[in-house]
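Close look at the chain arrangement
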Amino acid sequence: MHDDRPHGRKRVWLRRAFRFAGLVLILLGLVLLFWLRGALYNRFVRFPREEAAWQSLRAQRQTVADNAGWNEYRGILHSHSKYSHDSEVPFEDILLAVKSAGLDFICLSDHPIAGRADFNLQWRGLHDGKLFIPGFEMKEGIMPFGVASGIVLSNETDSATLARQIAANGGLLFYAHPEEPRDWDRPELVGMEIYNIHSDFKRFSSKPRALVPDLLLNQGRYPEHVLRTLFSQPVDFLHHWDELNRTRHITGIAGNDCHQNIGFRGIYTAAGTIRVEDTSPKTLKEFRLNWLTRPLARLAFGPLQPGRMLFHFQLDPYERIARFVNTHVLARELSEPAILDALRAGRVFVGFDMIADSSSFRWFAAAGTNQTVMGETAPFSKETRLHALSPLRCRFTVLKDGSVVYRQEGRAVEWAPPGPAKYRVEAELKVLDKWVPWVYANPIQLQ
């Protein structure tokens, strides 16, 4: 029997309201679960399995002894400091990051200040055992390293003259961001980035929402794995590099593009507001607090004291980006001339060391007792053999003038090349039944 009394009608409407609210909550929960489905899978399945696979690989590492008489040094190139408009990291903090990442050297690449690249501005030489080499990221991708002290280059100078000035003053000209238009016929060009982290970031910037669920759910526990989701094999860069090397010598390096500027922080101001800024640094928004939001902010962030940082999120800490990928060089000593000489010659390989340390990877040609390492030239003969040695079991891929000619799994490969050409090797690690790029070595020329 229907209850028409006022209290009865209220109970009916309350029940309906609760049912509706419950239905809305269930729907919102389902929508949230659908949105987080990939991140949830990553947190409970993919990332734990991936981490276990990385740890297993690292435990199997065996250093390769043969180094053909060279010393190996690991470093990063294309790195920004407080002198760049989009970074605020002081050199003291960069030194700590270099130490923490286990690096030997760093090649800087600040943006010019008011159009001027002053090679007296940055740290230079050994600082607590770590080598700093000055450099700048200038117009049209021009990225000079090691220009002599006292030299100031201008971004207003035409590119052809600028390239000549770099070479005349002892610097090496590399191109950053090879995805952009470049003058690839420039005679002073020494090398190019065959990988750049920022290129992967740009790919995600067109669809930033794809990364948000992992940032919210997994950044705290699996920051390295979240960062690795950005990785895309640089197929186009490698193809272009091979094309250039058919007619000239171009050294391939990794561009870490360290900025430490992809992050957010909130600061309580003397005016009683919360200023939210990114770590470029640039102010994004300033929030005024009222009688309701002030106690909520105090509950969420603790004491509201002027100048206190209330929260800070950073996707790209300097040390993490520095460990993501490294450029390994063979040199006689840890000095600026020796490292620049190795970079010029191409005694270089790129290793994605965040997964597993690629140090002591070797790529060389041998004929009798003569050894020729990557970046160098040797005469071809029937006795010539190409060798790759790895501290981990991997899949080697040998390329002749950019085309795949041989593939083998293991810790070592010995292969007889069919004739004169430029030969380089790639190595992949097997992670969760998938071959993942690990090492790109510069080519050896047989002639």
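Provided above is the structure to which this section pertains.
Sequence order as written defines the numbering, with residues in each chain counted from 1. pLDDT decides what is reported in this predicted model: residues at 70 or higher carry local features, side-chain atom pairs at 80 or more are listed and counted, and totals for whole chains, interfaces and linings draw on all residues regardless. Side-chain descriptors were evaluated using all non-hydrogen atoms of the structure, hydrogens and water having been removed beforehand.

Patches draw on residues past 30% relative accessible area with no salt bridge. Two like charges within 9 Å are joined, as are two nonpolar side chains (Val, Leu, Ile, Met, Phe, Trp, Tyr) within 5 Å. To be clear on the numbers: accessible area is Shrake-Rupley with a 1.4 Å probe, and residue cover counts the displayed protein chains and nothing else. Salt bridges are counted wherever a side-chain nitrogen of Lys or Arg sits within 4 Å of a carboxyl oxygen of Asp or Glu. Side chains of Leu 23, Ile 26, Leu 27, Leu 30 and Leu 33 sit close together on the surface and give an oily, nonpolar patch of about 490 Å² of accessible area. Numbered from the N terminus, helices here are DSSP runs of H or I no shorter than four residues, and strands are runs of E no shorter than two. Note that Leu 30 resides in helix α1 (residues 6–35).

This structure, assessed with the given rule, holds 20 salt bridges. Between Arg 424 and Asp 242 there is a salt bridge; the shortest N-O distance is 2.7 Å. Taken together, the residues span a long stretch of sequence, with Arg 424 in strand β22 (residues 421–431) and Asp 242 in helix α8 (residues 235–245) at a distance of 182 residues. Both residues of the pair, Arg 424 and Asp 242, belong to the buried class. Here Arg 323 makes a salt bridge to Glu 319, at a shortest N to O gap of 2.4 Å. Burial classification: accessible surface area is computed with a 1.4 Å probe over protein chains only, and a residue below 20% of its type maximum counts as buried, one above 50% as exposed, and the rest as partly exposed.

Moving on, we come to the nonpolar core. Think of a nonpolar core as a cluster: buried Ala, Val, Leu, Ile, Met, Phe, Trp, Tyr and Cys residues, connected wherever their side-chain atoms sit within 4.5 Å. Ranked by size, the top nonpolar core spans 93 residues in total, and within it Phe 324, Phe 361, Trp 363, Leu 429 and Trp 438 carry the most contacts. Looking at which element gives the most residues to this core, the answer is strand β20 (residues 385–400), with seven residues. Discounting chain neighbours no more than four positions away, the residues touching Phe 361 are Glu 72, Phe 349, Leu 389, Ser 390, Pro 391, Phe 396, Val 425, Ala 427, Trp 438, Val 439 and Ala 441. By size, the runner-up hydrophobic cluster in this structure holds 22 residues, among which are Leu 77, Phe 145, Ile 253 and Ala 342. Residue contacts are defined here by distance: any two heavy atoms, one from each residue, within 4.5 Å place the two residues in contact.

This part takes up the pairing of strand β11 (residues 263–268). Counted residue by residue, β11 has five buried out of six residues, so it is predominantly covered. Each pair of strands is called paired provided DSSP finds at least two bridges between the two strands. When β11 meets strand β14 (residues 309–314), the two strands line up antiparallel, connected through five bridges. In the strand pairing of β14, Ile 267 is matched with Met 309. Sheet topology places β11 next to strand β12 (residues 273–278); five bridges connect them, and they run antiparallel. Across the sheet, Tyr 268 pairs through a bridge with Ile 274, a residue of β12.

Keep in mind these values describe shape, not function.
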